[in-house]
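Geometric and topological summary
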Amino acid sequence: MPYQSQLPFKEVIEASIKDMRNSLSQVLFNLDNTINRNESVNKDELVEAQYEIVRMQNVINQLYGLYLVSDDHLVVNSTDTFVMDVVEDALAGLDTLLKHKTIEVNIKGEDLSWYLDPQLISNVLQITLLNALRYTEDTIEIEFTTSEEGLHISVIDNGKGYPDFILASYEALIAGDPVENVSSQNAGWFYCDKVVRLHNNQGVHGHTKLKNNEGSCGGRIDMLIP
Amino acid sequence: MDKSLFQGKAAQKSSVYAGLQALVADEFENSRVSIRQMLQGLGIQHVDQTSSGKGVVEACRSRRYDIVLCDFRLTGGKNGQQVLEELRELQLLKPTNIFIIVSAETGRDVVMGIMESQPDEYLSKPFTQAVLARRLERQFLQTKALSSMKTLLANQKYQELIPLCAQHIEQQGRYAAWCKRTLVDAYLSIGALQELERLCQVELEQRDVDWALLGLARKYLEEDDLANAVSILQKVIQLFPQTISAYDLLASAYEKTGRLEDAQAVLDDAIKISPRIHKRQKHMASVSLANGDPQSALKASQQTVRLGINSIHENPDDYIQLVDIVAESASQVESSIERKRLLAEASQALTVVSKRFADDDSVKLRKTLAESRFHASQGQMREAQQSLKAAKQLASDLEGGLPQDLVVEYGKTLYNAGEHEQAETILASLVNDQSTSDALKQQAADFLDEPVSLGAKAQAKALNKEGLSYYSQKDYLKAIHEFKTALEVSPRHPGLNLNLVQTCLKLMEEKGNEPHMVAECVQAIQRLKHVSPSHKQYKRLSALKEYLTKHYKVMF
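Predicted, not measured: the structure shown is a model, and the values here were computed from it.

1. Overview of the interface of chain A and chain B
In this complex, chain A contributes 47 residues to the contact, which on the side of chain B involves 42 residues. The contact between chain A and chain B buries some 4100 Å² in all, and 48% of this surface belongs to carbon and sulfur atoms. Our count for the chain A to chain B interface comes out at 15 residue pairs in polar contact (both at pLDDT 80 or more). When residues of the side of chain A that touches chain B are traced back to their parent elements, those giving at least two are α2 (9-37), α3 (43-70), β1 (79-82), α4 (83-92), α5 (95-100), β2 (104-109), β3 (113-116) and β6 (200-201) of chain A. Counting residues per element, the side of chain A that touches chain B draws most heavily on α2 of chain A, at 13 residues. When the residues that make up the side of chain A that touches chain B are grouped by side-chain class, the tally is 18 nonpolar, 16 polar and 13 charged.

Here you go:
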């Protein structure tokens, strides 16, 4: 019997991810408890461990999402959603982390509702937030507004900003060029752009842009969901 | 807003949560314990736990939980989706109770199935206490705001519900989207189709949105405007390929217009996206049966039975259908191991159905009839007769005799057991009886048209298609050959017989009168004695008969 039909790889991936998610659930829960209840332990180390777990959780989501993209199987399940709910969901997953790192998160946006896939967009926001967390000095801004074009969401850090070659490779990535030197970072960006692009309305598709912020000189990612 | 605001919320809410009762269901103990601790951390003092689906149902019977957090994977056979469906069916959930399905699953089949069962919330693992706190808070706020509307909806009091929804929308309430979706159902239920159309059109001027397009399609279906319904549903699927209910509706619309192959193709797409839905697999089984596609029918029928087990959907029809499909298609399975396995599956289905529905005499009768057909299909005529005899006894023991809806099954069984004349009499009288429902008449007529196995039907259908293709190329000799070969496997098929007659007449128009061909036509017409005036081929039959009488001096 051929290997593929004896052990369908799609199901192997699904079963393995389920297993990893169950395990991560337990690790995350225990760490959360230890951090919150134990005064005597070195919290910095635990918080560091938690950061890595949240990252791993996102890499797993991203990996599975990209696997579905490669198969053209990633589907967007849009529903009327309050944008603030999605932002808060994404942040809630990073709750303990943000509490212990001295990073301030500011949200600027009205309490507006938009037609989008809350799971996927929350996923995208978490990926961009983790990225911002890595580069920021001490502040992350999340902004969202609407215009005639659609919903704009931006995640802005106040770090040193991206070097030109990274911005250029991002441009190439979203333009559809083959990705050289695949890393988890550019794979993550690729995934985010794909998810946003899969959102469409009356023939218009969403898009993303990575650039350096004019004001705070940090980096920013802008997303438009039509 | 800064992050500290919502981080403090859980603590603030603890007084609100204090009096609530929650149930946690998960197959793993450590998972149950951690979720329970999270809930207790939020201030919920009463948290019960269980590992099985049966445990959830029993717990909900004895106590009304405000919150149920149920994993998809549970011990004991039932999954979270089946539990939710059962709780709703048994009315063990109040509209204001919150049912959350928790899952680490990634597979689209599982996730789509869960979504289709419409839990209040779906939480994917892993999640932190902060995430759980946010979701619960959101659910409580929503439930509080919508409780009177949700109660009216559950009690189907649409006339009172509609103004409340409209008011919430007008005041630009937070749950306007929920109200709009609910209005679609409410308007449909009371037949307010103009209002429904206006609601959807206003929304669609703003943007493409699945529920508004679906609402319009359902309006057209309600009005029997199938062409418009089909075109809108096709648009929904193109724009929002995950909108699974659009596939089901489109398949039904195709079915109503006689486009059975299109219906099957759409259901096939739907099953690729979300296969774990009983009614969808059941629909697929019936459409592919009507299409003469035994392989697809078998697969869908097996899935229907599997999805029924442990769920509220379990039904004797599903088992009996599986037995019939196996009986009629097993001979086509090439591998003898596979064939044996299938036959064993059918025997197993017969055993299970009589066990599961032991108290139901009509099921017992149906099972015995199915058993007879099963034996007959395998050439075991003595056993077939024995079962038939037992079935006749069971039928005469039934109060009021054989129920009308079982006459077709009974007639089929008689025919397959070799009692052709009796079968024809009983089925023909069903067709000619004014009180018979159209669906039942159709079933009886279909059987009288083609009392052959699924495999034979499929073969005849393929040959007929070939014949029609030759006919359209005006290659009448080859067409006649195909039709005649098809008639060897399905001799009573009206369409086939009439195709043969028509082709012979065409050929004779070109080449002149041929006595053996006229005889061929007469035989074909004589094979159609079972076609009654209500049959859809009756007109065509009469016309061809008349033509033969007039031009070829044939007497019938």
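Now that the structure has been shown, we can carry on.
2. Notes on the sheet that holds strand β5 (residues 151-157) of chain A
Residue and element names in this part refer to chain A. Strand order in the open sheet formed by five strands is β2-β4-β5-β9-β8, and the pairing between neighbours is mixed. Sheet topology places β2 and β8 (207-212) at the edges, where each strand pairs with a single neighbour. Between one strand axis and the next, the sheet turns by 15° as a mean value, whatever way the strands run. Sheet analysis places β2 next to strand β4 (residues 139-146), joined by six bridges and oriented parallel. Within the sheet, the bridge partner assigned to G109 lies in β4 and is F144. Strand contacts of helix α8 (residues 184-198): β8 and β9 (219-225), with the helix running at about 140° to β8, the strand carrying the most contacts.

3. What about the UniProt feature "domain: Response regulatory" (unreviewed entry) in chain B?
UniProt feature "domain: Response regulatory" (unreviewed entry): in the numbering of this structure it lies at residues 21-140 of chain B. This span, residues 21-140 of chain B, is 45% helix and 21% strand, and a straight line between its end C-alpha atoms measures 13 Å.

4. Description of the pattern of salt bridges
Throughout the structure, instances matching the rule amount to 46 salt bridges over all chains. Ionic pairing is found between E105 of chain B and R73 of chain B, a salt bridge with its closest N-O pair at 2.7 Å. Taken together, the residues E105 of chain B in the loop between β4 (98-103) and α6 (108-116) and R73 of chain B in the loop between β3 (67-71) and α5 (80-89) connect sequence positions 32 residues apart. What makes E105 of chain B buried here is its relative accessible area of 8%. Sharing partners across several salt bridges, the network here consists of D85, E88, D89 and D111 of chain A together with E121, R134, R135, R138 and R174 of chain B.

5. So, the domain arrangement of chain B
All names here are of chain B. Here the domain parsing of chain B yields domain 1 (3-147), domain 2 (156-274), domain 3 (315-449) and domain 4 (454-552). On a C-alpha basis, the centroid separation for the pair domain 3 and domain 4 is 31 Å. Taken together, the contact between domain 3 and domain 4 spans 10 residues of the former and 10 residues of the latter. Note on domain 3 versus domain 4: buried area summed over both sides is about 870 Å², and carbon and sulfur give 41% of it. Of all residues in domain 3, the largest losses of buried area upon contact with domain 4 belong to E328, L448 and D449, amounting jointly to 54% of the total for that side. At the junction of domain 3 with domain 4, the criterion picks out one salt bridge. E424 serves as the salt-bridge partner of R492, at 2.7 Å between the closest nitrogen and oxygen. Between domain 3 and domain 4 we count seven residue pairs in polar contact (both at pLDDT 80 or more) in total. If you list the elements that add at least two residues to the side of domain 3 that touches domain 4, you get α17 (316-329), α22 (420-432) and α23 (438-449). Looking at the side of domain 3 that touches domain 4 residue by residue, the classes come out as four nonpolar, three polar and three charged.

6. Side note on the nonpolar core
All names here are of chain A. Grouped together as the largest cluster of nonpolar side chains are 64 residues, with contacts concentrated most on F144, L151 and I153. Ranked by residue count, the leading element in this core is α3, at 10 residues. When neighbours within four sequence positions are excluded, L151 is seen to be in contact with V83, L112, W114, L116, F144, T145, T146, M223, L224 and I225.

7. A short note on the packing of aromatic side chains
Residue and element names in this part refer to chain A. Under the definition given, this model contains eight aromatic pairs over all chains. Relative to W189, the ring of Y162 has its centre 5.8 Å away and its plane inclined at 80°; by these criteria the two rings are edge-to-face. Of this pair, Y162 sits in the loop between β5 and α7 (164-175) while W189 sits in helix α8; the two residues are 27 residues apart in sequence, bridging distant segments of the chain. We note that Y162, like W189, is buried.

8. Some points on the UniProt feature "repeat: TPR" (unreviewed entry) in chain B
Here, UniProt's "repeat: TPR" (unreviewed entry) annotation points to residues 210-243, 244-277 and 460-493 of chain B. Between the first and last C-alpha atoms of residues 244-277 of chain B the distance is 11 Å; the span itself is 79% helix and 0% strand.

9. Thoughts on the side chain of R135 of chain B
Within the secondary structure, R135 of chain B sits in helix α7 (residues 129-154). On the basis of relative accessibility, which here comes to 10%, the residue R135 of chain B falls in the buried class. A polar side-chain atom of R135 of chain B sits 3.3 Å from the main-chain carbonyl oxygen of Y122 of chain B. Apart from the residues within four sequence positions on either side, R135 of chain B is in contact with D89 of chain A together with E121, Y122 and L123 of chain B.

10. Here's the deal with the domain arrangement of chain A
All names here are of chain A. Segmenting chain A into domains produces domain 1 (3-70) and domain 2 (79-225). On a C-alpha basis, the centroid separation for the pair domain 1 and domain 2 is 21 Å. The partner domain 2 presents 19 residues to the 17 residues of domain 1 that form the contact. Between domain 1 and domain 2, roughly 1600 Å² of surface is buried when both sides are summed, and carbon and sulfur atoms account for 62% of that area. Looking only at domain 1, the three residues that lose the most surface to domain 2 are Y51, N58 and Q62, adding up to 36% of its buried area. Joining domain 1 to domain 2, the criterion identifies zero salt bridges. For the pair domain 1 and domain 2, the number of links is two residue pairs in polar contact (both at pLDDT 80 or more). Going through the elements one at a time, α2 and α3 are the ones with two or more residues in the side of domain 1 that touches domain 2. Element by element, the count of residues in the side of domain 1 that touches domain 2 is highest for α3, at 14 residues.

Procedures and definitions
- Residues numbered from 1 in each chain as written.
- Chains lettered and ligands numbered in written order.
- Predicted model: local features only at pLDDT ≥ 70, side-chain atom pairs only at ≥ 80, totals over all residues.
- Heavy atoms only, no water.
- Contact = heavy atoms within 4.5 Å.
- Buried area = accessible area lost by both parts, 1.4 Å probe.
- Polar contact = N/O pair within 3.5 Å; in protein donor to acceptor, adjacent residues only side chain to side chain.
- Helix = DSSP H or I, 4+ residues; strand = E, 2+ residues; numbered from the N terminus.
- Nonpolar A, V, L, I, M, F, W, Y, C, P; charged D, E, K, R; others polar.
- Pairing = 2+ DSSP bridges.
- Axes fitted to C-alpha atoms, helices over the stretch in contact; angles between N-to-C directions.
- UniProt positions renumbered as here; feature names shortened; annotations may be inferred.
- Salt bridge = Lys/Arg side-chain N within 4 Å of Asp/Glu carboxyl O.
- Buried < 20%, exposed > 50% of the residue type's maximum accessible area, 1.4 Å probe, protein only.
- Domains from an automatic or database assignment.
- Core = buried A, V, L, I, M, F, W, Y, C linked by side-chain atoms within 4.5 Å.
- Phe/Tyr/Trp six-rings, centres within 6.5 Å; stacked < 30°, edge-to-face > 60°.

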